[in-house]
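# Per-entry structural report
Each chain, written out:
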Amino acid sequence: MESKNNENGACSELLFDEALLRNIQWETKVSYKNKISPQNPGVGLVLRPLALSDYDRGFMNLLSQLTRVGDVSKEKFEERFLKMKSCPNTYFVLVIEDTNRGKIIGTATLIVEQKFIRDAACRGRVEDVVVSEDFRGKELGKLLVDTTMLLAKEIDCYKISLESKEETVAFYKTFGFISDEQFFMVQRFHD
């Protein structure tokens, strides 16, 4: 079981093995002004898997800067975390932690879908990309998206996709994403 010691010395369970991030071959299509990377996201910052203890580091508050989160108690968060962890090689929630403040300031999720097509291949989906308002403009969103793409490649996804608002299409195109001829449709059952 992957774990990480938190600031109090207590052990906190990680969603996936941190070695996956350490072993990524950093070959990127985009350039970075500050020479950041998954191993070096910036001074006082650490890019790592989501930890069970990240509820207390403001993970849910960060997500509320992206979309409606609802009332997610610590117990509900822990239950969902453990359900996600029980599906190995499926959920890869990345976080950037500001270790000086003990706060999660960025996140992105790679979800791996197991397929029967293409010789039983895997497809990746990027979801829930957000950087705290206080840390925007430091290329951390770029780093998170780039890392999810490299991770998808590392675990042998045959493709990776995402949904984008019109105002973020240009951002995602810098990574090589293209608008596809297929129509994405949605039906919501709840707000």
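Data block above holds the structure.
Residues numbered from 1 in each chain as written. Predicted model: local features only at pLDDT ≥ 70, side-chain atom pairs only at ≥ 80, totals over all residues. Heavy atoms only, no water.

## Quick notes on the overall build of the protein
The cut-off we apply is this: Put simply, DSSP H or I for four residues or longer makes a helix, DSSP E for two residues or longer makes a strand, and each gets a number counted from the N terminus. To get the radius of gyration, use the C-alpha atoms; to get the globule rule, take the number of residues to the power 0.38 and multiply by 2.2 Å. Residue exposure (1.4 Å probe, protein chains only): buried if accessible area is under 20% of the type maximum, exposed if over 50%, otherwise partly exposed. For this analysis, residues touch if any pair of their heavy atoms sits within 4.5 Å. Per-residue accessibility takes into account occlusion by the displayed protein chains alone, with areas from the Shrake-Rupley method and a 1.4 Å probe. When charges are counted, Lys and Arg are positive and Asp and Glu negative, with His and the chain ends excluded. Here the site of a charge means atom NZ of a Lys, CZ of an Arg, CG of an Asp or CD of a Glu.
In terms of helices and strands, the protein carries six helices and seven strands. For the protein, whose C-alpha radius of gyration is 16 Å, the value lies close to the compact-globule estimate of 16 Å for 191 residues. With the C-alpha coordinates of the protein rotated into their principal frame, the extents come out at 50 × 40 × 35 Å. Taken across its 191 residues, the protein has 43% of its residues classed as buried. Within the protein, contacts between residues at least 6 apart in sequence are counted, and of these 66% link residues at least 24 apart. Accessible surface computed for the protein: about 11900 Å², of which carbon and sulfur atoms make up 48%. If you average the places of the 27 positive and of the 30 negative side-chain charges in the protein, the two averages end up 3 Å apart.

## Some remarks on the packing of aromatic side chains
Stated precisely, the cut-off is as follows: Centres within 6.5 Å are what make two rings of Phe, Tyr or Trp a pair, Trp counting through its six-membered ring; a difference in plane orientation under 30 degrees is then read as stacked, over 60 as edge-to-face, and the rest as tilted. Charges are assigned to positions over rings by a cutoff of 6 Å between ring centre and Lys NZ or Arg CZ, combined with an angular limit of 35 degrees from the ring normal.
Within this structure, the stated rule accounts for eight aromatic pairs. Among the aromatic residues, those joined into a ring-pair cluster are Tyr55, Phe59, Phe77 and Phe81. Here Lys142 stacks its cationic end above the ring of Tyr32, 5.1 Å away from the centre of that ring.

## Observations regarding unusual backbone geometry
At Asp128, a position not held by glycine, the phi torsion is positive, near 50 degrees. The phi angle at Glu139 is positive, at roughly 70 degrees, despite the residue not being glycine.

## Remarks on helix α5 (residues 140-154)
Note the cut-off: How far a helix is expected to stretch is found by multiplying one less than its residue total by 1.5 Å.
Between its terminal C-alpha atoms α5 stretches 20 Å, which fits the 21 Å expected from 15 residues at 1.5 Å a residue. The element α5 is extensively covered by neighbouring structure, given that 13 of its 15 residues are classed as buried. Asp156 sits one or two positions beyond α5 and adopts a positive phi of about 70 degrees.

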